[in-house]
Amino acid sequence: MCGIVGLFLKDKALEPKLGAMLSEMLISLSDRGPDSAGIAIYGAPSGNEAKITIQSAKPERDFRGLDAEVAKAIGAPVSIAVKSTHAVIRTTPAKIDEARETIQALRPDIRIMGAGDVVEIYKEVGLPEAVVERFDVRSMTGTHGIGHTRMATESAVTTMGAHPFSTGADQCLVHNGSLSNHNNVRRELIRDGMKFETENDTEVAAAYLSSKMAHGKNLGEALEGTLSDLDGFFTFVVGTKNGFGVVRDPIACKPAVMAETDQYVAFGSEYRALTKLPGIDNARVWEPEPATVYFWEH
Ligand SMILES: NC(=O)CC[C@H](N)C(=O)O
């Protein structure tokens, strides 16, 4: 099982409702994944700041005073916005890598969920409703987002094993299925300089795409590569700073449905995830073809 959703807005008027729409889509698939849930939201770009989403099992201890300590260490303004076990650190884009290294040096128990100019990632063990409430996802605005509710197949049920997996700036991926060659691909990617946080197969798929894009491929080309280089079952839904992509393996035994109107492109593991979207009755609705890459860009 596992339930995945994605929503890519074309109509700016819907941006204030992105978090609310994506939350309801994900909650509707709760029975497909009881273990953990997560969501990535791409907010509007601000131009002069970048963000790191961090997580700690002891947020009171780890987040207190962190903004001032990081600001002092990197010599740039830093802010922190805490939401339960997660927090978003903001600083100038030129200092983002230094900020990330500083956070890890100052607070070794903090985990990095993702980083980039626009993405924020919230994920925890528990059902979608609890995750949506805990992080107030309904109030979030943005241009596109992806979500996942997990029934684990390949690694432990932990915060870091939850999806979305983010392995590059503003990149993240959710997955329904299981990959049979992930250990081999992981070894190749490690040789290529990629770092891994978990034993999870989906993290390997995310890192595979990041590695392809780091070598100059666009999202569509990177997704195309999964069809020959990754074995096993997969439906992937992927977000980048400006893009949104979907691909299913050549057998495509995991359910998937898409809908498109003038206002949005939406993905759901099942049609029930899409029923509350505006104008769904007149949307173009289709089942994505096996071994076919779909992607949209702003
Ligand atoms: N049920 C699934 O689709 C699981 C996805 C992935 N293999 C994981 O364990 O996280």
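Residues numbered from 1 in each chain as written. Predicted model: local features only at pLDDT ≥ 70, side-chain atom pairs only at ≥ 80, totals over all residues. Heavy atoms only, no water.

- Under an unreviewed UniProt entry, the protein has the name glutamine--fructose-6-phosphate transaminase (isomerizing) and belongs to Mesorhizobium amorphae CCNWGS0123.

1. Points about the sheet that holds strand 1 (residues 3-9)
Thinking step 1. Spatially, the seven strands line up as an open sheet ordered 7-2-8-1-14-13-15, and their pairing is antiparallel. Two strands close off the open sheet at either side, each with one partner strand: strand 7 (119-125) and strand 15 (284-286). Between one strand axis and the next, the sheet turns through 10° on average, direction left out of account.
Thinking step 2. Where strand 2 (residues 36-42) and strand 8 (residues 144-150) come together, seven bridges link them in antiparallel fashion. Paired with S36 across the two strands is R150, which belongs to strand 8. (Pairing = 2+ DSSP bridges. Helix = DSSP H or I, 4+ residues; strand = E, 2+ residues; numbered from the N terminus. Axes fitted to C-alpha atoms, helices over the stretch in contact; angles between N-to-C directions.)

2. Quick notes on the side chain of R248
Thinking step 1. Mapped onto the elements of the fold, R248 is located in strand 12 (residues 243-248).
Thinking step 2. A polar contact is formed between the side chain of R248 and the backbone oxygen of K254, at a distance of 2.5 Å.
Thinking step 3. In this structure R248 touches L227, F234, T235, K254, P255, A256, E287, P288, E289, P290, A291 and T292, once residues within four positions along its chain are discounted. (Polar contact = N/O pair within 3.5 Å; in protein donor to acceptor, adjacent residues only side chain to side chain. Contact = heavy atoms within 4.5 Å.)

3. A look at the sheet that holds strand 16 (residues 294-297)
Thinking step 1. The five strands lie next to each other as 9-10-11-12-16, forming an open sheet whose pairing is antiparallel. The strands lining the two open edges of the sheet, one partner per strand, are strand 9 (165-168) and strand 16. Each neighbouring strand pair of the sheet contributes to a mean axis angle of 20°, computed without reference to strand direction.
Thinking step 2. On top of the sheet, helix 8 (residues 219-229) reaches strand 11 (232-239), strand 12 and strand 16; it is set at about 15° to strand 12, its chief contact.

4. Things to note about the site of the ligand
Thinking step 1. In the vicinity of the ligand lie 14 residues, with M1, C2, R150, H163 and G177 positioned nearest.
Thinking step 2. Between the ligand and T153, the relevant distance is 2.8 Å, taken from a nitrogen atom to a side-chain nitrogen or oxygen of the residue.
Thinking step 3. In this structure, H163 approaches the ligand through a side-chain N or O atom, which is 2.7 Å from an oxygen atom.
Thinking step 4. In isolation the ligand offers 300 Å² of accessible surface; the protein chains occlude 99% of this area. (Near = heavy atom within 4 Å. Areas by Shrake-Rupley, 256 points an atom, 1.4 Å probe, with all protein chains shown as cover.)

5. Some remarks on the confidence of the model for the protein
One rule of thumb: low pLDDT means the predicted coordinates there are not for detailed reading.
Thinking step 1. On average, residues of the protein score 97 in pLDDT, and 100% of them are at 70 or above.
Thinking step 2. As scored by the predictor, the complex reaches a pTM of 0.97 and an ipTM of 0.97. (pLDDT = per-residue confidence, 0-100.)

6. Concerning the domain arrangement of the protein
Thinking step 1. Along its sequence, the protein is organised into domain 1 (3-45 + 118-297) and domain 2 (47-113).
Thinking step 2. Placing a centre on the C-alpha atoms of domain 1 and another on those of domain 2 gives a separation of 25 Å.
Thinking step 3. Between domain 1 and domain 2, the contact holds 15 residues from the first and 13 residues from the second.
Thinking step 4. With both chains or domains summed, domain 1 and domain 2 bury close to 1,300 Å², and 51% of this area falls on carbon and sulfur atoms.
Thinking step 5. Where domain 1 meets domain 2, there are two salt bridges.
Thinking step 6. Across the pair R90 and E120 runs a salt bridge, and its minimum N-O distance is 3.3 Å. (Domains from an automatic or database assignment. Buried area = accessible area lost by both parts, 1.4 Å probe. Salt bridge = Lys/Arg side-chain N within 4 Å of Asp/Glu carboxyl O.)

7. Details of the pattern of salt bridges
Thinking step 1. Scanning the entire structure with this criterion turns up 18 salt bridges.
Thinking step 2. Linking D62 and R61 is a salt bridge whose minimum nitrogen-to-oxygen distance equals 3.0 Å.
Thinking step 3. K241 is paired through a salt bridge with D117; the nearest N and O atoms lie 2.9 Å apart. Remark: D117 occurs in the loop between strand 6 (111-116) and strand 7 and K241 occurs in the loop between strand 11 and strand 12; sequence separation between them is 124 residues.
Thinking step 4. By relative accessible area, which is 33% here, K241 ends up partly exposed.
Thinking step 5. Given a relative accessible area of 29%, D117 falls into the partly exposed group.
Thinking step 6. Through salt bridges with shared partners, one network takes in E24, E129, E133 and R138. (Buried < 20%, exposed > 50% of the residue type's maximum accessible area, 1.4 Å probe, protein only.)

8. Observations regarding helix 3 (residues 66-74)
Thinking step 1. When helix 3 is considered as a whole, its buried residues turn out to be L66, V70 and I74. The arc that holds the buried residues of helix 3, viewed along the axis, is 45°, so those residues lie on one side.
Thinking step 2. Of the surrounding secondary structure, the elements contacted by the buried residues of helix 3 are strand 3 (50-55), helix 2 (59-63), strand 4 (79-83), strand 5 (86-91) and helix 4 (96-106). (Arc of directions from axis to C-beta.)

9. Quick notes on the packing of aromatic side chains
Thinking step 1. One pass over the full model with this rule turns up six aromatic pairs.
Thinking step 2. Summarising the aromatic geometry, the rings of Y122 and F135 are spaced 5.2 Å apart at their centres and angled 35° between planes, so their arrangement reads as tilted. Linking Y122 in strand 7 with F135 in the loop between helix 5 (128-134) and strand 8, this pair joins segments that are 13 residues apart in sequence. Taken as a pair, Y122 and F135 share a single burial class, namely buried.
Thinking step 3. Centre to centre, the rings of F234 and F236 are 4.6 Å apart; their planes meet at 10°, and the pair counts as stacked.
Thinking step 4. Residue F234 is classed as buried on the basis of its relative accessible area of 1%.
Thinking step 5. Above the ring of F196, the side-chain terminus of R186 is found at 5.4 Å from the ring centroid. (Phe/Tyr/Trp six-rings, centres within 6.5 Å; stacked < 30°, edge-to-face > 60°. Lys NZ or Arg CZ within 6 Å of the ring centre and 35° of its normal.)

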